[in-house]
Amino acid sequence: MITEKLTQEQRLAVDRIKGKVCLRAGAGTGKTSVLVHRYLNIMRKGLADNVSIDRVLSSILAVTFTRRAAKEMRERIEKELIIFFPGKEDLSALIQVSTIDSFCIRILREKSVLLGIDSDFNVLDEVEAKLLFFQKSRQVLNREALPEIEIDKSVDGFLSDVFKFIQKLKSMGTTPDLFYKTIHARPFSVPSSSIKLSVESVRLAKLIHRLYFVYEETLRQENLFDFHRLLLEVYNLWEKYASVKKEYQEKYQYILIDEYQDTSPLQDRMLKVLAELNNNYFVVGDAKQAIYGFRGGEPRNILDYEKETGENCFSLTRNFRSYEEILEVVNRTLKDRIKGYEEIHSYRSGRRKLCELLLAPDPAREARFIGQRILSLFEEGYSPGDIVVLL
């Protein structure tokens, strides 16, 4: 079934298909290959147990955090299915590989009648959600009294900070009602340089609650969802309807999650609830590569899971992209700065030119150096496709 050769490190993560498993995997270490082959290994073992291919494919859920990653993983799985099940192209429709938001959209459409929502809802991107929040918040500020707070930026700057704060609340699963209950329960603060409190912080909290409440009501009334509302509605669906939760728990017997360092507290809870029945929960990621903090991503999730999985936590330490010279620089830079750092070494043989370090005095001279270096590489016979500039 598996046509691609795996390293011993990769094989360990592919073969341990039962239970809770964590894989630490940095960039270029072949984690996508592990995800694809683990998926195929689960499928192979299901078929060996006389489970139909339709049922096996429907029982595996793979979650990624970009559409590009989901597309790549799906295409690689489809390629294997075509080889071993020729003439059954319809099997690709059963492959459950998607981003977390696409997964939630599918569930909400399936259960729209139960939830009392129109299944033809629209999903806002980050920019659209922020514009809607600004529009509704300005209306509130124009018709309601603004608390006595100093704002050392424009009103837009203030609203931008409040929007970020509300998105952070939502990423933790905090609804407007829950936020309101916490206002008097503990000290309140907004970590932002553009807001200076001149009165009791609870007054600011009440304003933020009001803006949050109006924004969420607008989403509901206009049949709109932002990213975090998708997650909240699915999580609340499972919390409210035990039978629905069990339905999806029984359906998805194996859960594979990519880029786990970018999951928010809410995403983490939601996916773990889904895995409670079977406990076949595989995650892969690298805390050093967290990039979704703006969506509430919490690297602590994978660090905690590493401890929870114990001997079922594996690491990929061979890099397929870079030569050893580059990785030597990375290792020497990070090993004394990150506690418990695992060195990464090249899977490629041979040695290349040593790394060069330029300390440019300004951006213009840095750009000039890069341009000149690219031209010199062209003269050496390299093509544009051989060169990449990382910023």
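See the structure above.
Anyway, here's the lowdown on the structure attached to this text. Model, not experiment: these values are computed from the prediction. (Residues numbered from 1 in each chain as written. Predicted model: local features only at pLDDT ≥ 70, side-chain atom pairs only at ≥ 80, totals over all residues. Heavy atoms only, no water.)

1. Some thoughts on the sheet that holds strand β1 (residues 20-25)
Thought 1: Spatial strand order, β3-β2-β8-β9-β1-β10: 6 strands in an open sheet with parallel pairing. Either end of the sheet is taken by a strand with one partner, and the two such strands are β3 (96-99) and β10 (313-316). When strand polarity is set aside, the average angle formed by the axes of neighbouring strands in this sheet is 15°.
Thought 2: Where strand β2 (residues 60-64) lies against β3, 4 bridges are found, and the strand directions are parallel. Bridging from a neighbouring strand, Ala-62 pairs with Val-97 of β3. (Pairing = 2+ DSSP bridges. Helix = DSSP H or I, 4+ residues; strand = E, 2+ residues; numbered from the N terminus. Axes fitted to C-alpha atoms, helices over the stretch in contact; angles between N-to-C directions.)

2. Re the side chain of Lys-31
Thought 1: Mapped onto the fold, Lys-31 is located in helix α2 (residues 31-48).
Thought 2: Leave out the neighbours within four places in its chain, and Lys-31 touches Ala-25, Asp-258, Glu-259, Val-284 and Leu-316. (Contact = heavy atoms within 4.5 Å.)

3. A few points about the environment of Arg-24
Thought 1: With respect to the helices and strands, the residue Arg-24 is situated in strand β1.
Thought 2: The class for Arg-24 is partly exposed, based on a relative accessible area of 26%.
Thought 3: Arg-24 has contacts with Gly-285, Glu-306, Cys-313, Phe-314, Ser-315, Leu-316 and Glu-342, leaving out every residue within four places of it along the chain. (Buried < 20%, exposed > 50% of the residue type's maximum accessible area, 1.4 Å probe, protein only.)

4. Looking at the pattern of salt bridges
Thought 1: Applying the stated criterion across every chain, the model contains 24 salt bridges.
Thought 2: Across the pair Asp-258 and Lys-31 runs a salt bridge, and its minimum N-O distance is 2.9 Å. On the criterion of sequence distance, the pair formed by Asp-258 in the loop between β8 (254-257) and α13 (265-275) and Lys-31 in helix α2 is long-range, its members being 227 residues apart. A single burial state applies to Asp-258 and to Lys-31, both of which are buried.
Thought 3: When the shortest N-O distance is used, the salt bridge between Glu-216 and Arg-220 registers 3.9 Å. Taken together, the residues span about one helical turn, with Glu-216 and Arg-220 both in helix α10 (residues 201-221) at a distance of 4 residues. (Salt bridge = Lys/Arg side-chain N within 4 Å of Asp/Glu carboxyl O.)

5. As for unusual backbone geometry
Thought 1: Of note in the backbone geometry, Glu-259 takes a positive phi value of approximately 50° without being a glycine.
Thought 2: One can find Glu-259 in the loop between β8 and α13.
Thought 3: Of note, Asn-279 is a non-glycine position whose phi angle comes to about 60°, a positive value.
Thought 4: For Asn-279, the location among the structural elements is in the loop between α13 and β9 (281-285).
Thought 5: Asn-279 sits in the partly exposed class, given a relative accessible area of 35%.

6. A closer look at the packing of aromatic side chains
Thought 1: One pass over the structure, following the stated rule, counts 11 aromatic pairs.
Thought 2: Where Phe-165 meets Phe-179, the ring centres are 6.1 Å apart and the plane angle is 70°; that geometry is what we call edge-to-face. Of the two residues, Phe-165 sits in helix α8 (residues 155-171) while Phe-179 sits in helix α9 (residues 176-182), which places them 14 residues apart along the sequence.
Thought 3: Under the relative-accessibility criterion, Phe-165 is labelled buried at 14%.
Thought 4: Given the relative accessible area of 3%, Phe-179 is considered buried.
Thought 5: Among the aromatic residues, ring-to-ring pairing joins Phe-133, Phe-134, Phe-163 and Tyr-215 into one connected group.
Thought 6: Directly above the aromatic system of Tyr-235 lies the positively charged group of Arg-269, at a separation of 5.3 Å from the ring centroid. (Phe/Tyr/Trp six-rings, centres within 6.5 Å; stacked < 30°, edge-to-face > 60°. Lys NZ or Arg CZ within 6 Å of the ring centre and 35° of its normal.)

7. Side note on the nonpolar core
Thought 1: Among the nonpolar cores identified, the biggest contains 38 residues, and Ile-100, Leu-230, Trp-238, Ile-257, Met-270, Leu-274 and Tyr-281 are the most heavily contacted of them.
Thought 2: Counting residues per element, the ones that place at least two in this core are β2, α5 (100-110), α11 (227-240), α12 (242-251), β8, α13, β9 and α14 (300-309).
Thought 3: It is α11 that contributes the most residues to this core, 8 residues altogether.
Thought 4: Setting aside residues no more than four positions away along its own chain, Tyr-281 makes contact with Gly-19, Lys-20, Val-21, Ile-255, Ile-257, Tyr-260, Asp-268, Leu-271, Lys-272, Ala-275 and Tyr-305.
Thought 5: Counting residues in each nonpolar core, the second largest holds 33 residues, with Ala-70, Met-73, Ile-95 and Tyr-254 among its members. (Core = buried A, V, L, I, M, F, W, Y, C linked by side-chain atoms within 4.5 Å.)

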